[in-house]
Amino acid sequence: MYREKEENYSIIKAIPGTLRAYDEVDNIDASQPTIIGLGGNMTDSVQRALGMCRIPKSWLGLMRPDKLSNFARDGDINTYSINYGVSDSEDYLSSTYISSEEISDLTNKIFYNLIFKCDNELFSLDEIKENFSNLHFVTHCYGGYVLSRIVEYLAELLTIIGADFDTIKDCMKSITAINYAPMEIPQFITNINILSLKDDLIDVTKYKDICDSPITLQVEDNNLNIISKQIVSNPKEKGYINDHNIKNLYRNAKWKCGFYDTTEGEFADFVYPGGNADCISEIISHILGENLASSLRRQPGKIAPKPTITDMQNIAYNILSYFSEEDLTR
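Residues numbered from 1 in each chain as written. Predicted model: local features only at pLDDT ≥ 70, side-chain atom pairs only at ≥ 80, totals over all residues. Heavy atoms only, no water.

## Some points on the side chain of asparagine 193
Turning to step 1, where the next piece is worked out: Tracing the backbone through its elements, the reader meets asparagine 193 in strand β9 (residues 190–196).
Turning to step 2, where the next piece is worked out: Among the polar contacts made by the side chain of asparagine 193, one reaches the side chain of asparagine 225 at a distance of 2.9 Å.
Turning to step 3, where the next piece is worked out: Asparagine 193 has contacts with Asn179, Pro182, Ile185, Asn223, Leu224, Asn225 and Ile226, leaving out every residue within four places of it along the chain. (Helix = DSSP H or I, 4+ residues; strand = E, 2+ residues; numbered from the N terminus. Polar contact = N/O pair within 3.5 Å; in protein donor to acceptor, adjacent residues only side chain to side chain. Contact = heavy atoms within 4.5 Å.)

## Regarding the pairing of strand β10 (residues 215–220)
Turning to step 1, where the next piece is worked out: With six bridges joining them, β10 and strand β11 (residues 223–228) adopt antiparallel strand pairing. Among the inter-strand pairings, leucine 217 is bridged to a residue of β11, identified as isoleucine 226.
Turning to step 2, where the next piece is worked out: A loop of two residues connects β10 with β11, the two strands running antiparallel in sequence, and aspartate 221 in this loop sits at a positive phi of about 55 degrees. (Pairing = 2+ DSSP bridges.)

## Comments concerning the pattern of salt bridges
Turning to step 1, where the next piece is worked out: Throughout the structure, instances matching the rule amount to six salt bridges.
Turning to step 2, where the next piece is worked out: Salt-bridge contacts for arginine 48 lead to aspartate 44; the nearest nitrogen and oxygen are separated by 3.2 Å.
Turning to step 3, where the next piece is worked out: Taking relative accessible area as the criterion, arginine 48 reaches 25% and is therefore assigned partly exposed.
Turning to step 4, where the next piece is worked out: Note on aspartate 44: relative accessible area 21%, which makes it partly exposed.
Turning to step 5, where the next piece is worked out: A salt bridge links lysine 129 to aspartate 170, with the nearest nitrogen and oxygen atoms 3.2 Å apart. In this pair, lysine 129 is assigned in helix α3 (residues 125–132) and aspartate 170 in helix α5 (residues 165–172), connecting sequence segments 41 residues apart. (Salt bridge = Lys/Arg side-chain N within 4 Å of Asp/Glu carboxyl O. Buried < 20%, exposed > 50% of the residue type's maximum accessible area, 1.4 Å probe, protein only.)

## A word on the pairing of strand β4 (residues 34–38)
Side-chain direction in a regular strand flips from residue to residue, so the side chains alternate between the two faces of the sheet.
Turning to step 1, where the next piece is worked out: Burial runs high along β4: five of the five residues are buried.
Turning to step 2, where the next piece is worked out: Bridge count between β4 and strand β5 (residues 78–83): four bridges; the pairing is parallel. Looking at the pairing, threonine 34 lines up with asparagine 78 of β5.
Turning to step 3, where the next piece is worked out: As paired strands, β4 and strand β7 (residues 135–140) are joined by five bridges and run parallel to one another. Residue pairing in the sheet places threonine 34 in a bridge with leucine 135 of β7.

## So, the packing of helix α6 (residues 275–296) against helix α7 (residues 309–320)
Turning to step 1, where the next piece is worked out: Where α6 meets α7, the axes come as close as 9 Å, and the angle between the chain directions of the two elements is 145 degrees. Handedness of the α6/α7 crossing: right-handed. Between α6 and α7, the contacting residues are Cys279, Glu282, Ile283, His286, Ile287, Glu290 and Asn291 on the first element and Met312, Ile315, Ala316, Ile319 and Leu320 on the second. (Axes fitted to C-alpha atoms, helices over the stretch in contact; angles between N-to-C directions. Left-handed = near helix turned anticlockwise from the far one by under 90°.)

## Let's talk about unusual backbone geometry
Turning to step 1, where the next piece is worked out: Positive phi outside glycine occurs at cysteine 141, with the angle close to 55 degrees.
Turning to step 2, where the next piece is worked out: Among the structural elements, cysteine 141 can be located in the loop between β7 and α4 (142–160).
Turning to step 3, where the next piece is worked out: For alanine 181, which is not glycine, the phi torsion reads 50 degrees and is therefore positive.
Turning to step 4, where the next piece is worked out: For alanine 181, the location among the structural elements is in the loop between β8 (176–180) and β9.
Turning to step 5, where the next piece is worked out: The class of alanine 181 is buried, set by a relative accessible area of 3%.

## Describing the packing of aromatic side chains
Turning to step 1, where the next piece is worked out: Applying the stated criterion across every chain, the model contains five aromatic pairs.
Turning to step 2, where the next piece is worked out: For the pair tyrosine 84 and tyrosine 142, a centre-to-centre distance of 5.5 Å together with 90 degrees between the ring planes defines the contact as edge-to-face. Of this pair, tyrosine 84 sits in the loop between β5 and β6 (86–87) while tyrosine 142 sits in helix α4; the two residues are 58 residues apart in sequence, bridging distant segments of the chain.
Turning to step 3, where the next piece is worked out: The class of tyrosine 84 is buried, set by a relative accessible area of 0%.
Turning to step 4, where the next piece is worked out: What makes tyrosine 142 buried here is its relative accessible area of 2%.
Turning to step 5, where the next piece is worked out: Between tyrosine 142 and tyrosine 145, the aromatic rings sit 5.5 Å apart at their centres with planes inclined by 20 degrees, giving stacked as the arrangement. (Phe/Tyr/Trp six-rings, centres within 6.5 Å; stacked < 30°, edge-to-face > 60°.)

## Digging into the sheet that holds strand β3 (residues 22–25)
Turning to step 1, where the next piece is worked out: Pairing in this open sheet of nine strands is mixed, and the strands run β3-β2-β5-β4-β7-β8-β9-β11-β10 from one edge to the other. Edge positions in the sheet fall to β3 and β10, since each of these pairs with one other strand and no more. The mean inter-strand angle of the sheet, taken between neighbouring strand axes irrespective of direction, is 20 degrees.
Turning to step 2, where the next piece is worked out: With five bridges joining them, β8 and β9 adopt parallel strand pairing. Residue pairing for β9: tyrosine 180 is matched across the bridge by isoleucine 194.
Turning to step 3, where the next piece is worked out: Running at roughly 150 degrees to β5, helix α1 (residues 46–59) makes contact with β2 (10–14), β3, β4, β5, β7 and β8 of the sheet.
Turning to step 4, where the next piece is worked out: Contacting β4, β7, β8, β9, β10 and β11, α6 runs over the sheet at an angle of about 165 degrees to β11.

## Here's the deal with the nonpolar core
Turning to step 1, where the next piece is worked out: Of all hydrophobic cores here, the largest spans 42 residues; its most connected members are Trp59, Ile215, Ile226, Leu249, Cys279 and Ile283.
Turning to step 2, where the next piece is worked out: Only α1, β8, β9, β10, β11, α6 and α7 provide two or more residues apiece to this core.
Turning to step 3, where the next piece is worked out: Per-element tally for this core: the top contributor is α6, with eight residues.
Turning to step 4, where the next piece is worked out: The residues contacting cysteine 279, other than those within four sequence positions of it, are Ile215, Ile319, Leu320, Phe323 and Leu328.
Turning to step 5, where the next piece is worked out: Core analysis: the next-biggest nonpolar cluster, separate from the first, contains 39 residues, Ile11, Ile28, Ile82 and Cys141 among them. (Core = buried A, V, L, I, M, F, W, Y, C linked by side-chain atoms within 4.5 Å.)

Note that every value here comes from positions in space, so none of it alone points to a role or purpose.
What follows is the structure, given as structure tokens:
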């Protein structure tokens, strides 16, 4: 599938207090609460990668330089995303895939400084778990596959330093991911998965029998599955063919669910994508906010408890209660 890459992957960091400014950086600093966006396989440019910074920031009310959210300013949180680069592939859908070697390199850039001190001495396993609690991933489609491979490389790294299987699972549970229409759901970490029965690009067969409401919540090990019977993405979008698009789940300055054009890398005029998108973007906004708030409350040597899967399920149920069945079936 792979030949020589025309453009290698790069790490994009959103500059706090700005709407469009960014830096291309060599490493990821997760010494404070950090969001890492992993987009779909067409994330082949800096501009498209920047969208995976801007969308989660919009969920947190951090998209305006003078905006103070209910728990943080923009500069309190590091926000990164990955431009996968372009490979010289004959397969159009493979042309932006990140290679296994690049994923291994990216894993080291995310986790090395969370496992090893500056003198290359190991942190204690409790300290590693505490460090991991700063990490919050947001993935879309192929990004779920990328995160799954990152988690596998991380497990190998933790095995090398002497961690047993139960310890690895315990450490990784501190990492949170919100996965929208994921090609693959990562193991071991805490996942919030947004799934739609109208999505014809991923296999959702096993959820059909349990989805008895417009939106069904299912807890499965470390996973909270948010499953929609109806279309989540904008059904009014020209050329709409399936429900597989995260770009309608941003929150605008008036806290309305709106539209993000990933091709142009811009927020378009307000477009109402339907009650499901409004409800689901509200749920994941609050869940991500609560997880980041716990990271911000951290004190050295003491982990601030992050929301449990049950806590997050309760947040979702509370928000669902504000939406009627009619809202969610539009």
